[in-house]
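Remarks on the overall topology
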Amino acid sequence: LVESTARAPLEGDIDRSKIFKIGVHTGPFTSMGPHTVTGRADYFGPVVNRAARVASQCELGQVLIGIPLPSGETPCTPDFGSKIITKLVGIRKLKGLTVDMALFSCARAPR
C-alpha cells in the first residue's frame, strides 16, 4: 500500500493518517540479515509470519496485538499503561497457525 501510494497520487477525501495496518506478535526470530535494497535489518521466521497474519485481520488505521491462546484458556487483556487503550476484538484461528489467537486492538487514550 505504501509503495502504491508513492507511485500515484491519492485522490479524493482521504485521511492519510489511517493508511496503515499493524500486526504485533512477539517471540524469537530465526535469522536476520541486511535487506537487499535498503541494507536495514530484515527478520525471518515464524514470529514474522504470525505478525503478518495478525496484520491481515486489521482494518485500515488499526493496530492489533496477537496473543496465542493454548486450548481452553481465557485471554487476559494486556496492560500497556494509562496512555494505551486495549480491547479484545475476538479470538480467531489464523491461517497456518495451530493455536487460536486472541486479537486486541490498541489505541491512544484520550488526553
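If you're wondering where the values come from, they're calculated on a predicted model, not measured in any experiment.

1. Describing the packing of aromatic side chains
Within the structure shown, the criterion is met by one aromatic pair. Between the aromatic rings of phenylalanine 29 and tyrosine 43, the centroid separation amounts to 4.9 Å while the plane-to-plane angle is 75 degrees, which identifies the pairing as edge-to-face. Placement of the pair is phenylalanine 29 in the loop between β1 (21–24) and β2 (31–34) and tyrosine 43 in strand β3 (residues 41–44), with a sequence separation of 14 residues. Tyrosine 43 sits in the partly exposed class, given a relative accessible area of 39%.

2. Concerning the nonpolar core
Counting seven residues, the largest nonpolar core is built from Val54, Cys58, Leu64, Leu94, Leu97, Met101 and Leu103. Residues contacting methionine 101, with those up to four places away along its chain left out, are His25, Val54, Gly66, Ile67, Pro68, Gly90, Ile91, Arg92 and Leu94. Core analysis: the second largest hydrophobic core is formed by five residues, Ile65, Leu69, Ala102 and Phe104 among them.

3. Comments concerning the layout of surface pockets
A volume near 170 Å³ is recorded for the largest pocket. Surrounding the largest pocket, Phe20, Gly61, Gln62, Val63, Ile84, Ser105, Cys106, Ala107 and Arg108 form its lining. Of all elements in the fold, only β4 (62–69) and β6 (100–108) reach the threshold of two or more residues within the lining of the largest pocket. The greatest single-element share of the lining of the largest pocket, amounting to four residues, is contributed by β6.

4. Remarks on the confidence of the model for the protein
Residue-level pLDDT values for the protein average 86, and 89% of them are 70 or greater. The low-confidence segment residues 1–7, where pLDDT is below 50, has four contacts with residues more than four positions distant or belonging to other chains.

Quick notes on the rules
- Residues numbered from 1 in each chain as written.
- Predicted model: local features only at pLDDT ≥ 70, side-chain atom pairs only at ≥ 80, totals over all residues.
- Heavy atoms only, no water.
- Phe/Tyr/Trp six-rings, centres within 6.5 Å; stacked < 30°, edge-to-face > 60°.
- Helix = DSSP H or I, 4+ residues; strand = E, 2+ residues; numbered from the N terminus.
- Buried < 20%, exposed > 50% of the residue type's maximum accessible area, 1.4 Å probe, protein only.
- Core = buried A, V, L, I, M, F, W, Y, C linked by side-chain atoms within 4.5 Å.
- Contact = heavy atoms within 4.5 Å.
- 1 Å grid on protein atoms, 1.4 Å probe; cavity = no way out; pocket = protein on both sides within 12 Å on 5 of 7 lines; lining within 4 Å.
- Points joined across faces, edges and corners; volume = space filled by probe spheres on them.
- pLDDT = per-residue confidence, 0-100.

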